[in-house]
Amino acid sequence: MTELDAVKAALKTQAVETPSWAYGNSGTRFKVFAQQGVPRDPREKLADAAKVHEFTGAAPTVALHIPWDTVDDYAALAKYAEELGLRLGTINSNTFQDDAYKLGSVCHPDAAVRRKALDHLFACVDVMDATGSKDLKVWLADGTNYPGQDDIRERQDRLAEALSAVYDRLGDDQRLLLEYKLFEPAFYSTDVPDWGTAYAHCLKLGDKAQVVVDTGHHAPGTNIEFIVATLLREGKLGAFDFNSRFYADDDLMAGAADPFQLFRIMYEVVRGGGLTPDIAFMLDQCHNIEAKIPAIIRSVMNVQEATAKALLVDRDALAAAQRSGDVLDANAVLMDAYNTDVRPLLAEVREESGLGPDPMAAYRRSGWAERIVAERVGGEQAGWGA
Ligand code: PSV
Ligand code: MN
Ligand code: MN
């Protein structure tokens with residue numbers, strides 16, 4: 001196999017998971033701009049996701065958020081996904097939208113609220129059992145707003161207790177993925193604010209607990225690729241939530257704000273042997289002002305482009321320059337790959353896989369956008385949080 005064949009083979013097997021909530025309406029705390037044709041239920045979200053997969057060939061799984069994607073029969077939903085050529089992926093828990101969670105969920109000072117949150121996490125594992133999903137992703141909005149509001153150390157004990165109960169409930173091939181976030185909605189202390197805290201909890205829990213890196217959840221200027229390299233080295237990187245940001249947790253399209261950062265992250269993934277199905281490459285985005293399905297297609301393509309560039313890095317030349325201490329040459333090797341226009345290569349890869357070379361154009365030609373606007377009238381449109 002030539003080197004280029006190996007790059008193509010890796011690109012052909014790459015999978016990006018799309019989130020059900022990105023297909024629904026979303027907005028900021030100021031306004032939700034409703035769009036026409038938006039799904040009214042989880043099945044319609046899957047139908048839209050199937051279009052993303054149809055035209056990219058790279059988005060075979062869809063993540064659910066419970067209770068946003070509540071249905072009576074999860075096994076039937078999984079079967080419907082299969083009929084569309086999809087699989088249900090990560091189950092995302094939601095312990096942040098009930099009134100009870102004002103002071104936190106599993107870290108709340110009141111044991112009754114902690115129990116309620118834990119029961120929800122158990123219910124999410126029940127959903128996984130029904131859908132065949134492998135991963136439970138836990139992001140906790142827990143934290144405090146004022147110094148002294150609660151005992152931040154005791155909150156860690158409550159957190160450890162809950163995570164351990166969830167961990168014990170997992171089946172042999174299920175995983176607990178713990179997602180950290182620096183701040184928001186809590187503004188003084190967050191109970192899982194960074195990769196170190198997530199890593200410490202996951203290490204104590206065991207092999208089935210791994211860390212999620214959401215690219216929008218760090219302080220400005222954080223070297224995310226270093227975190228990726230470290231977690232991969234420790235065997236503790238479980239998943240990504242890709243999105244991009246200019247300021248905080250902006251949830252813009254992956255690769256839109258800083259494509260160079262996405263390339264640097266994907267380079268560390270490739271370098272660390274992380275381009276495997278053991279790591280879930282998910283998007284966690286909201287499309288507030290742009291059309292949702294094409295935005296998701298564009299995001300998948302942005303991840304593919306960053307990956308292609310990362311795969312094209314001449315690793316031997318890079319290692320030689322690094323070993324000889326040639327700073328400029330080493331940097332040039334990396335930049336040569338980043339500055340390569342990989343769009344023709346990806347078009348070729350798609351054509352070799354029986355797809356159209358340009359997923360955006362293929363989607364536009366398909367007429368799906370017009371069809372959903374005409375057909376999805378009446379009923380409540382689904383949205384972030386509904
Ligand atoms: C929190 O900001 C987060 O990134 C978590 O992954 C949530 O589950 C998700 O956003 C909801 O969009
Ligand atoms: Mn996230
Ligand atoms: Mn987020």
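Cut-offs and rules
One numbering rule holds for all chains: residues counted from 1, following each sequence as written. Naming scheme: in the order in which they are written, chains are lettered from A and ligands are numbered from 1. In view of the model being predicted, local features appear only for residues whose pLDDT reaches at least 70, and side-chain atom pairs are presented and counted only at 80 or more, with totals across whole chains, interfaces and linings using the full set of residues. UniProt positions are given in the numbering used here, feature names are shortened, and annotations may be inferred rather than shown by experiment. A run of H or I in DSSP becomes a helix once it reaches four residues, and a run of E becomes a strand once it reaches two; helices and strands are each numbered from the N terminus. Interaxial angle, 0 to 180 degrees, is taken between N-to-C directions of lines fitted to C-alpha atoms, where a helix line uses only the stretch in contact. Note on angle classes: values under 35 degrees are labelled roughly parallel, values over 145 roughly antiparallel, values of 65 to 115 roughly perpendicular, and the remainder oblique. A crossing counts as left-handed when the near helix is turned anticlockwise from the far one by less than a right angle, and as right-handed when that turn is clockwise. Our contact criterion uses C-beta atoms placed from the backbone: two residues qualify when those atoms are within 7 Å. By the convention adopted, Pro, Cys, Tyr, Trp, Phe, Met, Ile, Leu, Val and Ala count as nonpolar, Lys, Arg, Asp and Glu as charged, and the other residues, Gly among them, as polar. Burial in this document is a count-based property: other C-beta atoms within 10 Å of a residue's C-beta are tallied, and the residue is buried at 20 or more, exposed at 12 or fewer, or partly exposed in between, with C-beta positions derived from the backbone. For our purposes the nonpolar core covers buried Ala, Val, Leu, Ile, Met, Phe, Trp, Tyr and Cys residues that link as a set through C-beta atoms within 7 Å. Any two strands with at least two DSSP bridges between them are considered paired. Only the C-beta atom matters for this test: placed from the backbone, it must lie within 6 Å of a molecule or strand for the residue to be near it.

Asker: What exactly am I supposed to notice about the UniProt feature "domain: Xylose isomerase-like TIM barrel" (unreviewed entry) in the chain here?
Answerer: In the UniProt entry, the feature "domain: Xylose isomerase-like TIM barrel" (unreviewed entry) is given for residues 54–249. Overall, residues 54–249 shows 37% helix and 19% strand. The separation of its end C-alpha atoms is 29 Å.

Asker: Honestly, the packing of helix H8 (residues 259–271) against helix H9 (residues 292–312) in this entry has me stumped. Any pointers?
Answerer: For any two helices packed against each other, the geometry comes down to the angle between their axes and how far apart the axes lie. Between H8 and H9, the shortest axis-to-axis distance is 8 Å and the interhelical angle comes to 55 degrees. If you check the angle between H8 and H9, you find them oblique. As for the relative orientation of H8 and H9, their crossing is right-handed in sense. Across the interface between the two elements, Pro-259, Leu-262, Phe-263, Met-266, Tyr-267, Val-269 and Val-270 from H8 touch Asn-302, Ala-306, Thr-307, Lys-309, Ala-310 and Leu-311 from H9. In terms of residue class, the contact of H8 with H9 is made up of 10 nonpolar, 2 polar and 1 charged.

Asker: Quick question: what am I supposed to make of helix H7 (residues 224–233) here?
Answerer: Since there are 3.6 residues in each turn of an α-helix, residues three or four apart along the chain are aligned in direction. Listed in full, the buried residues belonging to H7 are Ile-224, Ile-227, Val-228, Ala-229 and Leu-231. Among the residues trailing H7, Gly-235 stands out with phi positive, at a value near 65 degrees.

Asker: I tried to follow the environment of Ile-227 on my own but got confused; where do I start?
Answerer: Position of Ile-227 among the secondary structure elements: in helix H7. Residue class for Ile-227 comes out buried when judged on the 21 C-beta atoms lying within 10 Å of it. Between the C-alpha atoms of Ile-227 and Gly-196, which are 31 residues apart in sequence, the distance is 9.3 Å.

Asker: Before we go on, may I ask you to explain the nonpolar core in this structure?
Answerer: The nonpolar side chains of a soluble globular protein tend to be buried, and buried together. Among the nonpolar cores identified, the biggest contains 97 residues, and Leu-178, Val-211, Val-213, Val-228 and Val-300 are the most heavily contacted of them. When residues of this core are assigned to their parent elements, the largest contribution, 11 residues, is made by H9. Apart from the residues within four sequence positions on either side, Leu-178 is in contact with Val-138, Val-192, Ala-198, His-201, Cys-202, Ala-209, Val-211 and Val-212.

Asker: Any chance you could explain the sheet that holds strand S9 (residues 237–242) here in plain terms?
Answerer: The strands that make up a sheet are held in pairs by hydrogen bonds between backbone atoms, and each pair lies either parallel or antiparallel. One open sheet accounts for 8 strands, arranged S1-S2-S3-S4-S6-S8-S9-S10; its pairing is parallel. Since the sheet does not close on itself, it has two edges, and those belong to strand S1 (18–19) and strand S10 (280–283), each with one partner. With 4 bridges joining them, strand S2 (residues 61–65) and strand S3 (residues 87–92) adopt parallel strand pairing. By the bridge assignment, Thr-61 is partnered in S3 with Arg-87. Lying on the sheet, H7 is in contact with strand S8 (209–214) and S9; it crosses S8 at an angle near 165 degrees.

Asker: Can you help me understand the site of ligand 1 in this one?
Answerer: Looking at ligand 1, the residues that line it are Trp-21, Asn-92, Trp-139, Glu-179, Lys-181, Asp-214, Asp-241, Asp-249 and Asp-284. Here the residues of the shell around ligand 1 are counted per class, giving 2 nonpolar, 1 polar and 6 charged.

Asker: Got a minute to help me understand the environment of Lys-12 in this structure?
Answerer: Tracing the chain through its elements places Lys-12 in helix H1 (residues 3–13). Given 13 C-beta atoms within 10 Å, Lys-12 falls into the partly exposed group. In this structure the C-alpha to C-alpha distance between Lys-12 and Glu-352, which are 340 residues apart in sequence, comes to 9.1 Å.

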